[in-house]
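# Close look at the chain arrangement
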Amino acid sequence: MTVFGRRLPGMSSLILWGLLWEVVGRLGVTFFIPPLSEVLVTLFATIGTPAFTKALSETAYAFTMGVTSAIVIGVPVGILMGKNRLLDELLLPWVNIFLSAPLTALVPVLMVLFGFGMKSIIITTTLFAIWIIILNSRAGVMQINRSLIEMAHSFGASPIDAFVKIYFWAALPEILGGVRIGVIRAVKGVIIGQLLISIVGFGALFELYSANFLMSHFWAVLIVLFALAFTISEFLAFLERRVAYYAAKR
Amino acid sequence: MPQTRDAAALHQAHDVDYAVTAHKVSKNYGDVEALKDLSLEFPRGQLTTLLGPSGCGKTTLLKIIAGLLAPNSGEIQVDRKTVTGPGPDRAFVFQDFALLPWASVIRNVAFGLELRGVAKSEREGIAEKYIQDVGLGGFENSFPHELSGGMRQRVGLARALAVDARVLLMDEPFSAVDEQTRRKFQEDLLSLVQHENKTFIFVTHSIEEAVYVSDQIAILLPRPSRVSEIIRPSGFRNRGSENIRRDPEYLDIVDRIWSSLRSYVE
Ligand SMILES: Nc1ncnc2c1ncn2[C@@H]1O[C@H](COP(=O)(O)OP(=O)(O)OP(=O)(O)O)[C@@H](O)[C@H]1O
Ligand SMILES: [Mg+2]
């Protein structure tokens, strides 16, 4: 963004929105929006409390497990779909359906199948993240230059070699893009899981704070969550830029 | 062209050793008959060019020889062994270079050896030698996108040379580089054919290029795709690469090929 010909650092618009938030909060328009300064004070007060660290570790655990399985399953499935016509025809409709399906509606089914514990929350997280990862890995493989595959084949590459040394790397820019969007969806998935399945982690905090109208606590946790999601997503964007030098030239 | 025919007869009489033979090879893509009963022999240690109008099946034949495509009927033999797939006796140089964009020059050149399980230090030593040979010394750690088209094709050539295959298959290797680089490549190719004891199978669209670099030119014609004529330019081969283009025989052969191909160009 440039103002009066000067380049502002990224995210400067956040300052503007922060100021607006503070003003609206001070005006006391609604109890729902306390001043930002008050939220920040609450944030630093809660961040070290045992309740908060417990919530953070529970959420981080479910999130990490969910995202890891989404990647470990999603990337190879996507690559195989891109390579194999038959598999693609079999799976693509399902992937598309689940990508746009209201997954929240599936959560009760998961509870019946997998119980009310961490397992269901992890699976919910995976389900939110995996489809876009599959779809992007598939797209990455489908745009791969045919002659790279022929090259590997002509030099005697085994199928495993081709998978690890050609397909994976050729699709990496798209895979990382898919993982980045998947991670953002997984944040949604883990919180929905924690709210609907068993009241643990950040979900429990949200539940607790909103039920007791502790709005500055509520916003404080939301800001922490946003900051975490933003950091992870920026880290993945950084990885994407690392491979951008060849993304345009495959 | 009496002198070329004599030369051909001479070769026949000496019963030349063929590195690669194609015997009645046919290939269909659905309804399209790309090749029909094509037979052709490739003398060892020489460069044979496949020349012909677009779509006549040059790439198809090259890929069948490489083992990347299976023929519908007929067979290819390399050193009297029937081809069933890619093998270490053949290496391919690609028109679009087919370099790994995420890998450095040295890893690209060593990639064929990497796939063959050669240890890292050994294959990088070999790759280093061929990088020097093709004139890319100092670019070992550059990436393909940092190189010009001509330099990229040198990487592709070094990769094919590094696996030390006896047969080199080149599909329009110089068509994506500029004219000056192309001429330099043609001269380099001539000395490569002379100094490396390898059999080269070369595809080009350029008649001049074919006559300049080839020991044998197979003219392919479309529908049904077959070898219509084999020409062996021989008279000017040992008169030095700088004199070839003014040699009367060179000019005659170029003219003759053009007159047989012109009817296929609309
Ligand atoms: N994968 C394919 N599917 C269907 N038809 C194909 C395929 N590849 C080639 N063909 C057809 O086979 C014929 C021979 O193709 P090929 O690529 O071998 O020709 P070529 O001589 O290399 O042409 P060019 O000089 O344009 O490179 C063409 O008519 C082409 O349309
Ligand atoms: Mg071709």
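Note that this is a predicted model, so its numbers are computed, not measured.

What counts as what
Residues numbered from 1 in each chain as written. Chains lettered and ligands numbered in written order. Predicted model: local features only at pLDDT ≥ 70, side-chain atom pairs only at ≥ 80, totals over all residues. Heavy atoms only, no water. Helix = DSSP H or I, 4+ residues; strand = E, 2+ residues; numbered from the N terminus. Buried < 20%, exposed > 50% of the residue type's maximum accessible area, 1.4 Å probe, protein only. Contact = heavy atoms within 4.5 Å. Areas by Shrake-Rupley, 256 points an atom, 1.4 Å probe, with all protein chains shown as cover. Lys, Arg positive; Asp, Glu negative; His and termini not counted. Charge placed at Lys NZ, Arg CZ, Asp CG, Glu CD. Salt bridge = Lys/Arg side-chain N within 4 Å of Asp/Glu carboxyl O. Phe/Tyr/Trp six-rings, centres within 6.5 Å; stacked < 30°, edge-to-face > 60°. Lys NZ or Arg CZ within 6 Å of the ring centre and 35° of its normal. Domains from an automatic or database assignment. Buried area = accessible area lost by both parts, 1.4 Å probe. Pairing = 2+ DSSP bridges. Axes fitted to C-alpha atoms, helices over the stretch in contact; angles between N-to-C directions.

From N to C terminus, chain A includes 10 helices and two strands. Counting only C-alpha atoms, chain A reaches 70 × 60 × 30 Å along its principal axes. Residue burial in chain A is summarised as follows: out of 250 residues, 43% are buried. Counting contacts in chain A only where the partners sit at least 6 residues apart, residues at least 24 apart contribute 75% of the total. Summed over its atoms, the accessible surface of chain A is roughly 13,200 Å², and 74% of this surface lies on carbon and sulfur atoms. For chain A, the centre of its 17 positive side-chain charges and the centre of its 11 negative side-chain charges are spaced 6 Å apart.

A separate point is the pattern of salt bridges. Residue and element names in this part refer to chain B. One pass over the structure, following the stated rule, counts 24 salt bridges over all chains. We note a salt bridge from R44 to D17, for which the minimum N-O separation is 2.5 Å. A residue pair is termed long-range when its members are at least 10 positions apart, and R44 in the loop between β2 (32-43) and β3 (47-51) and D17 in the loop between α1 (2-13) and β1 (18-29) qualify at 27 residues. Residue D17 is classed as partly exposed on the basis of its relative accessible area, which comes to 36%. A salt bridge links D164 to K198; the shortest N-O distance between them is 2.8 Å. On the criterion of sequence distance, the pair formed by D164 in the loop between α6 (149-162) and β7 (167-171) and K198 in the loop between α7 (179-195) and β8 (199-204) is long-range, its members being 34 residues apart.

This part covers the packing of aromatic side chains. Tallied over the full model, the rule gives 15 aromatic pairs over all chains. Feature note: the residues W21, F32, F206, F218 and W219 of chain A constitute an aromatic cluster, connected by ring pairs. Over the ring of Y29 of chain B we find K27 of chain B, and its NZ or CZ is 5.7 Å from the ring centre. Between the NZ or CZ atom of K129 of chain B and the centre of the ring of Y130 of chain B, over which it lies, the distance is 4.3 Å.

What follows covers the domain arrangement of chain B. Residue and element names in this part refer to chain B. When cut into domains, chain B gives domain 1 (1-89 + 170-266) and domain 2 (97-164). Measuring from the centre of the C-alpha atoms in domain 1 to the corresponding centre in domain 2 gives 26 Å. Around 890 Å² of area is buried between domain 1 and domain 2 when both sides are counted, 64% of it from carbon and sulfur atoms. The largest contributions to the domain 1 side of the interface with domain 2 come from P88, F185 and K198, which together make up 42% of the buried area. Here D188 and R154 are joined by a salt bridge, their closest N and O atoms 3.7 Å apart.

The subject of this paragraph is the sheet that holds β7 of chain B. Sheet strands line up and pair through hydrogen bonds in the backbone, either parallel or antiparallel. Residues and elements named next belong to chain B. Read across the sheet, six strands follow the order β6-β7-β8-β3-β9-β10 without closing on themselves; strand pairing throughout is mixed. The sheet terminates laterally at β6 (90-93) and β10 (226-231), the two strands that pair on one side only. Strand-to-strand, the axes of this sheet are offset by a mean angle of 20°, without reference to chain direction. Note: β7 against β8, five bridges, orientation parallel. What sits directly across from V167, in β8, is T199.

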